[in-house]
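Structural features, examined
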Amino acid sequence: MILLKDILYKVTIESVVGSTSVAVSNLEFDSRKVSLNDVFVAIIGTVSDGHQFIKKAADQGALAIICETLPENIVNGITYVQVADTHKALAIMAANFYGNPSEDLKLVGITGTNGKTTISTLLYKLFKKAGMEVGLISTVNIMVGDTEHKTSHTTPDSITINSYLRKMVDAGVEFCFMEVSSHGIHQKRTEALKFAGGVYTNLSHDHLDYHKDFAEYRDVKKSFFDNLPNTAFALVNADDKNGAVMLQNTKAKKQTYALKTFADFKAQILESQFSGQLIKINNQELWVKLIGGFNVYNLLAIYGTAQLLGLKELETLQLISTLDSVDGRFQYLISEKKITAIVDYAHTPDALKNVLETINSIRTGNEEVITVVGCGGDRDTSKRPVMGKIAATLSTKVVFTSDNPRTENPDRIIEQVEAGVPAEHYKKTISITNRKEAIKAACQMANENDIILIAGKGHETYQEINGERFDFDDFKIVNEVLTLLNK
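Everything in this summary refers to the structure shown in the same document. No experiment lies behind these values; they were computed from the predicted model shown.

**Some thoughts on helix H10 (residues 313-320)**
Thr-316, Leu-317, Leu-319 and Ile-320 are the residues of H10 that are buried. The arc that holds every buried residue of H10, seen down its axis, measures 165°, which confines them to one face. In this structure, the buried residues of H10 make contact with helix H4 (116-129), strand E17 (276-281), strand E18 (284-288) and helix H9 (293-308).

Printed below as a string of structure tokens:
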């Protein structure tokens, strides 16, 4: 048991009704999960306000309520703590509840629009191959050493983060690599965590359904670096125009990586093929299995992070050369008929452009590039025509289809994507709402040596339609279709 006053340490309190010297069982922000002697934190969310559920939490046995506005009906025997910001309070309380585990390992946060999953996952794999005890918190999964746990958010809530960090510390984990999303930073889920370093990848068009404009999106990312301690490092992509912005007010040790400009960690692409590329990192040549300029940036970030965390240079380079791509990130197969199918998570204009430019830079020019792409529902609508334009301009044929339409009409989403297609590219596009049929159509169009890109969902093994999730795996489906066509 832990006392309420102990988990309130460092929380800015405005008023208290009742005693804080009470033993609490658990910390919850979801009233449905509250049970006897729990603390309920009333969070103001984007959909609902936790203050509406204070009575429900009290009826279910909550011993204490943390809120921004005290309720009219105060129940005897329950402690009410009024704070200025329950998001921040929850983060601090969660860290205290689990014994501030981030202080007992080296936690590195990776943020930016594209590359977070690849960098965090490959850092986990690299340090594991180096014989370290490692943890991972990513879009795809949470790893505590060798044990995998599924996740549903890029950056989980504060309680989940700290509970897994505690498991990691108890398991002897030394390093943890964590994706840090703009939502997570904005909702203060990473407050009260002690980071050993922060990595910035790039910034492009995304999440403008959540952030009011691009400047806010950028400044939220920047605030992560502003809050790093002077004991940490801040490693940023110097080729990205916002890289310098991230370093403006940080107290952390400033470090840069780049392909085009002067930087602490430099790389150069010498040769590219679908099987990999020959690159040079800080004047050392090595062959890597990952494809594309965007992946060289990812590998540079990994190399720089490893060096800043104390790994030897030659060991780091040797391990980088063994790394395979992450599931759903330029994941490809070649059929018996020599059709190359690539599945990639590219769901932003910049990511789609990067993948298609990489394909076009490697191919001979005689093959078709057939792109299957859509856009997610209930998300930023302004990127839809931009995605349509990029797909049509950089492919020889395009099949527009559903992504995760969620609560939106998938045909309406496709229309908005099609609206961006330049007139001279109309004839190379078709629309098939059913994603499985769209993938089948692309496979039937393809001939020997052609390339099919299935973009947008990557590692996801579901499709979300009208609030329901149905089993759906792009890689599995394209593999099955091409195998049938071979027969």
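**A few points about H9**
With 16 residues, H9 should cover 22 Å at 1.5 Å per step; its first-to-last C-alpha distance of 23 Å lies within 8% of that length. The buried count for H9 comes to 13 of 16 residues, which makes it a mostly enclosed element. Backbone geometry just after H9 places Gly-310 at a positive phi near 100°.

**A closer look at the sheet that holds strand E20 (residues 340-344)**
Taken in spatial order, the 6 strands line up as E19-E20-E24-E21-E22-E23 in an open sheet, and their pairing is mixed. Looking along the sheet, the strands with just one partner apiece sit at the ends: strand E19 (331-334) and strand E23 (429-431). Mean inter-strand twist for the sheet, computed between neighbouring axes without regard to direction, equals 15°. Where strand E21 (residues 369-373) and strand E22 (residues 397-400) come together, 4 bridges link them in parallel fashion.

**A word on the pairing of strand E6 (residues 64-67)**
Side chains Ala-64 and Ile-66 of E6 all project onto a buried face; the interleaved residues Ile-65 and Cys-67 project onto the opposite face, where all are buried too. Sheet topology places strand E5 (residues 39-41) next to E6; 3 bridges connect them, and they run parallel. Along E6, the bridge assignment pairs Val-41 with Ile-66. In this region the chain leaves E5, passes through helix H2 (residues 54-59) and returns to the parallel neighbour E6; the handedness of that crossover is right-handed.

**Examining unusual backbone geometry**
Within the chain, Ala-192 stands out as a residue other than glycine whose phi angle is a positive 75°. Looking at Ala-192, the relative accessible area reads 34%, which means it is partly exposed. One non-glycine residue, Asn-449, adopts positive backbone phi at about 75°. Within the secondary structure layout, Asn-449 lies in the loop between helix H14 (435-445) and strand E24 (451-455).

**With respect to the nonpolar core**
With 39 residues, the main nonpolar core has Leu-126, Phe-127, Phe-177, Ile-281, Leu-299, Ile-302 and Ile-320 as its most contacted residues. Among the elements that make up this core, the one with the highest residue count is H9 (8 residues). For Leu-299, the residues in contact, after removing those within four places along its chain, are Ile-279, Val-288, Leu-290, Ile-320 and Leu-323. Membership of the second largest hydrophobic core comes to 30 residues, among which are Leu-107, Ile-185, Tyr-200 and Val-236.

**So, the packing of H4 against H9**
At a minimum axis separation of 10 Å, H4 and H9 run at an interaxial angle of 45°. Of the possible angle classes, the one that applies to H4 and H9 is oblique. Along this stretch, H4 crosses H9, giving a crossing that reads as right-handed. Taking contact as the criterion, the partners of Thr-118, Ile-119, Leu-122, Leu-123, Leu-126 and Phe-127 in H4 are, on H9, Asn-295, Asn-298, Ala-301, Ile-302, Thr-305 and Ala-306. In terms of residue class, the contact of H4 with H9 is made up of 8 nonpolar, 4 polar and no charged.

The rules we used
Residues numbered from 1 in each chain as written. Predicted model: local features only at pLDDT ≥ 70, side-chain atom pairs only at ≥ 80, totals over all residues. Heavy atoms only, no water. Buried < 20%, exposed > 50% of the residue type's maximum accessible area, 1.4 Å probe, protein only. Helix = DSSP H or I, 4+ residues; strand = E, 2+ residues; numbered from the N terminus. Arc of directions from axis to C-beta. Contact = heavy atoms within 4.5 Å. Expected span 1.5 Å × (residues − 1). Pairing = 2+ DSSP bridges. Axes fitted to C-alpha atoms, helices over the stretch in contact; angles between N-to-C directions. Right-handed = clockwise from strand over helix to strand, strands pointing away. Core = buried A, V, L, I, M, F, W, Y, C linked by side-chain atoms within 4.5 Å. Parallel < 35°, antiparallel > 145°, perpendicular 65-115°, else oblique. Left-handed = near helix turned anticlockwise from the far one by under 90°. Nonpolar A, V, L, I, M, F, W, Y, C, P; charged D, E, K, R; others polar.

Bear in mind that shape data such as this cannot, by itself, settle questions of function.
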